[in-house]
Amino acid sequence: MRLFPVLLLLSVSAGCGRRPDGAAVSAVRPVKVTEASGAAFLRKDFAGMATPDDAVTLAFKLSGQVSELPVAQGMQVLRGDLLAELDPRDVELQVSATRSAFEEARSQQQRMERLLAHEAVSRQDAEAARTRFAQARAAYNNALDLLNDTKLKAPFAGVIEATYVDNYERVQAGQAILRLVAPRTTTVKFTMPERGLASLADSSTRFEVEFDNFRGMRFPARLKDYARTSSDASGFPVSLTLGGTDTLRYDISPGMSCTVTMFSADPVPDAVSLPLSAIYAPTEGGTYVWVVTAGDRVERRTVVLGELFGSDRVVIDSGVAPGETVVTAGVYRLHSGDEVRILR
C-alpha cells in the first residue's frame, strides 16, 4: 500500500509550493520574447490563379455548314492559321453575281463619263450611273467580305482550349465554335473580401505572387483592375499583372495556382504587430500580453486587437508601444510581477 506515501508527498510538495497568503511561489520562468514592431504594413495572403492574357471565343458571322475543322483541343496554332471553315459555295455564287453586276455598272459609268465629256448625255444621267456603280461596288465588296468570313483564322498564337462543334455540323451566326487562349500569361486573379477594397484604392498597397510550381520565388505584381460589385456576395474579383517576369525562364500558364500576398498600410498609425502566440486570453475574459519591464519582471497589459495578417501575426491597435519586449511563449504560466529568464 504505497498510496498514502504518494499522497503525502504530493500534499507536502503542494504546501511547499504555496506562499503563506495562498498565492503561488514566484519562480523564475524561462520565456521567449520578441520586440513589438511597428505595423506600418499589413500582410494578407489570398489564394489566386493565373488567367490568360489573351483569350477569345471565336464564332462565324454567318450561318452555314462546317466543312473543315483542322484543330483539336490542346493543339498549338500560330497567328493566321486556319481554325475552321464553312462551306463557301452559296457565298461564292453571291460573289459571282455581284461581281457581274459590279463590272456592268463600272462599264456603264465609264461610258456615261465619256458621253458627258462630249455633252452627249445630261449630267443627271451621268450622276445616276455613278450611283448605280457605287451601289454595285458596295454589294460586291460585301460579298467578298462574306466569303472571307467563311474562314476562322487565329488572331494570335495560342492553344485551342476547347472546340464546341463537329465537322459537317450546321451552325448559326454567332454560335461559339472554339476557344483560343495564349499559352503564357502574366495575369493573376483572386477574390478580395469587402473590407479590403479600401486598400486597393491606396497607392502604397503592393503585391507579391508565389506560384505552387515555383516555391520560394516571389514575383512582384501591380494592380490591373478590380470589380466594385459582387453579384454572389463571395467577394470582389481582382486582377494583377506580374512585373518584370522572365516568361522564358518561368513558364507561367493559365490555370496555375498561386498565393497572392498584399502589403497595405495599417489605418492605425501607432499600431504594432506581434505573433499570435503572444496573446493571453484567459477563460475569465479579456485580451492581454505580458510585457517585460525593468528587473526582468512581467506586467500584464490589456490590448486591443486589430487585423490578422500574414500567417501568424496580429495587429495591436493599442496597449503596446513599438520597441517594448513582449513574451511570446509561456504566457499561460505567468502572473503579474513574476521574474523571468529570457531564452536567447
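Refer to the preceding data block for the structure.
How each quantity is defined
Residues numbered from 1 in each chain as written. Predicted model: local features only at pLDDT ≥ 70, side-chain atom pairs only at ≥ 80, totals over all residues. Heavy atoms only, no water. Pairing = 2+ DSSP bridges. Helix = DSSP H or I, 4+ residues; strand = E, 2+ residues; numbered from the N terminus. Phe/Tyr/Trp six-rings, centres within 6.5 Å; stacked < 30°, edge-to-face > 60°. Lys NZ or Arg CZ within 6 Å of the ring centre and 35° of its normal. Buried < 20%, exposed > 50% of the residue type's maximum accessible area, 1.4 Å probe, protein only. Core = buried A, V, L, I, M, F, W, Y, C linked by side-chain atoms within 4.5 Å. Contact = heavy atoms within 4.5 Å. Expected span 1.5 Å × (residues − 1).

Some words on the sheet that holds strand S8 (residues 151-153)
Read across the sheet, four strands follow the order S8-S7-S5-S10 without closing on themselves; strand pairing throughout is antiparallel. Each edge of the open sheet is held by one strand with a lone partner, namely S8 and strand S10 (170-171). Two strands pair when backbone bridges link them, and strand S7 (residues 82-86) and S8 are joined in this way by three bridges, in the antiparallel orientation. Each residue of the ladder has a partner; that of Leu-82, found in S8, is Lys-153.

Considering the packing of aromatic side chains
Per the counting criterion, the structure on display carries 10 aromatic pairs. Within the aromatic cluster, the residues linked to one another by ring pairs are Phe-211, Phe-214, Phe-219 and Tyr-250. Taking NZ or CZ as reference, Arg-206 lies 4.1 Å from the ring centre of Phe-263, over its face. Just above the ring of Tyr-288 sits the side chain of Arg-300; from NZ or CZ to the centre is 4.0 Å.

With respect to unusual backbone geometry
A positive phi angle is found at Glu-119, which is not glycine, with a value near 55°. Considering the arrangement of structural elements, one finds Glu-119 in the loop between helix H2 (89-117) and helix H3 (123-148). Notably, Tyr-168 is not glycine yet its phi reads approximately 70°, a positive angle. The residue Tyr-168 is located in the loop between strand S9 (158-163) and S10 in this model. Owing to a relative accessible area of 58%, Tyr-168 belongs among the exposed residues under this scheme.

Some details on the nonpolar core
If you look at the biggest cluster of nonpolar residues, it comprises 28 residues, and the most contacted ones within it are Leu-83 and Ile-177. Put simply, the parts of the chain that give this core at least two residues each are S7, H2, H3 and strand S11 (176-181). Aside from chain neighbours lying at most four places away, what touches Leu-83 is Leu-58, Leu-69, Pro-70, Val-71, Val-77, Leu-152, Lys-153, Ala-154, Ile-160 and Leu-178. Listed in part, the 24 residues of the second largest apolar core include Phe-46, Leu-197, Val-209 and Tyr-226.

Looking at the side chain of Ser-239
Tracing the backbone shows Ser-239 in strand S15 (residues 236-242). Taking relative accessible area as the criterion, Ser-239 reaches 5% and is therefore assigned buried.

Thoughts on the environment of Val-331
Tracing the sequence through the fold places Val-331 in the loop between strand S22 (325-329) and strand S23 (340-342). Taking relative accessible area as the criterion, Val-331 reaches 4% and is therefore assigned buried. Between the alpha carbons of Val-331 and Trp-290 there is a distance of 6.9 Å; along the sequence they are 41 residues apart. Not counting residues within four places of it along the chain, the set of residues in contact with Val-331 comprises Ser-277, Ala-278, Ile-279, Tyr-280 and Trp-290.

Some remarks on H2
Along an α-helix, residues three or four apart share an orientation, since each turn contains 3.6 residues. The end-to-end C-alpha distance of H2 is 42 Å, a good match for the 42 Å that 29 residues give at a rise of 1.5 Å each. Within the sequence span of H2, burial applies to Val-91, Val-95, Thr-98, Phe-102, Ala-105, Gln-109, Met-112 and Leu-116. Looking at the buried residues of H2, the elements they touch are H3. Glu-119 lies just past H2 and shows a positive phi near 55°.

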